[in-house]
Amino acid sequence: MPEGQRSGAPAPCRVVVCRDCCCGSAKVTGVDHAAQVAALSKDLPVRISECLDVCDQANVVVVQPSAEERAAGARPVWLGLVNDPAATGDIVAWVRAGGPGAAPLPEILDLYAFTPPRRVRGASSADPR
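Residues numbered from 1 in each chain as written. Predicted model: local features only at pLDDT ≥ 70, side-chain atom pairs only at ≥ 80, totals over all residues. Heavy atoms only, no water.

A. Focus on the sheet that holds strand 5 (residues 113–114). If you trace the five strands from one edge of the open sheet to the other, you get 2-1-3-4-5, paired in mixed fashion. Since the sheet does not close on itself, it has two edges, and those belong to strand 2 (46–49) and strand 5, each with one partner. Two strands pair when backbone bridges link them, and strand 1 (residues 14–18) and strand 3 (residues 61–64) are joined in this way by four bridges, in the antiparallel orientation. Bridging from a neighbouring strand, Val 17 pairs with Val 61 of strand 3. Against the sheet, helix 3 (residues 85–97) contacts strand 1, strand 3 and strand 4 (77–79), and its axis sits at roughly 10° relative to strand 3. (Pairing = 2+ DSSP bridges. Helix = DSSP H or I, 4+ residues; strand = E, 2+ residues; numbered from the N terminus. Contact = heavy atoms within 4.5 Å. Axes fitted to C-alpha atoms, helices over the stretch in contact; angles between N-to-C directions.)

B. View of the nonpolar core. Core analysis: the biggest nonpolar cluster contains 19 residues, and Val 63 and Ile 91 have the highest contact counts within it. Counting residues per element, the ones that place at least two in this core are strand 1, helix 1 (33–41), strand 3, strand 4 and helix 3. Top contributing element to this core by residue count: helix 3, with five residues. Those residues in contact with Val 63 that lie beyond four places of it in its chain are Cys 13, Arg 14, Pro 76, Val 77, Leu 79, Ile 91, Trp 94, Val 95 and Pro 100. Counting residues in hydrophobic clusters, the runner-up holds 13 residues, among them Cys 22, Val 28, Leu 52 and Phe 114. (Core = buried A, V, L, I, M, F, W, Y, C linked by side-chain atoms within 4.5 Å. Buried < 20%, exposed > 50% of the residue type's maximum accessible area, 1.4 Å probe, protein only.)

These results come straight from atomic positions and should not be treated as a statement about function.
Printed below as a string of structure tokens:
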């Protein structure tokens, strides 16, 4: 169980990491993809996803709000071009602070945020919503 999460406590926000055709592959050079996932997974809930269909933004990380924050209106934040350890560390710090709805998006991560194209429901099982 991640540090700081108690049994019976509301589920924290979750991180979805795209790892398929482009994200997490040799197509994105100069990135230690395993180290990136390890840094995110150290004490955060992380799910590895198949292609999220935004390959031009590789490496993609989606931060989903907690169930409580989602019910209050918070929505997932999509971050693209997350290709250096500093950005990964900034994501970890934001999620530890509460993530979407609970803590403001740090200005540095605003540089990585993007709006994914609308998708037809059922088009992909990789949809992290």
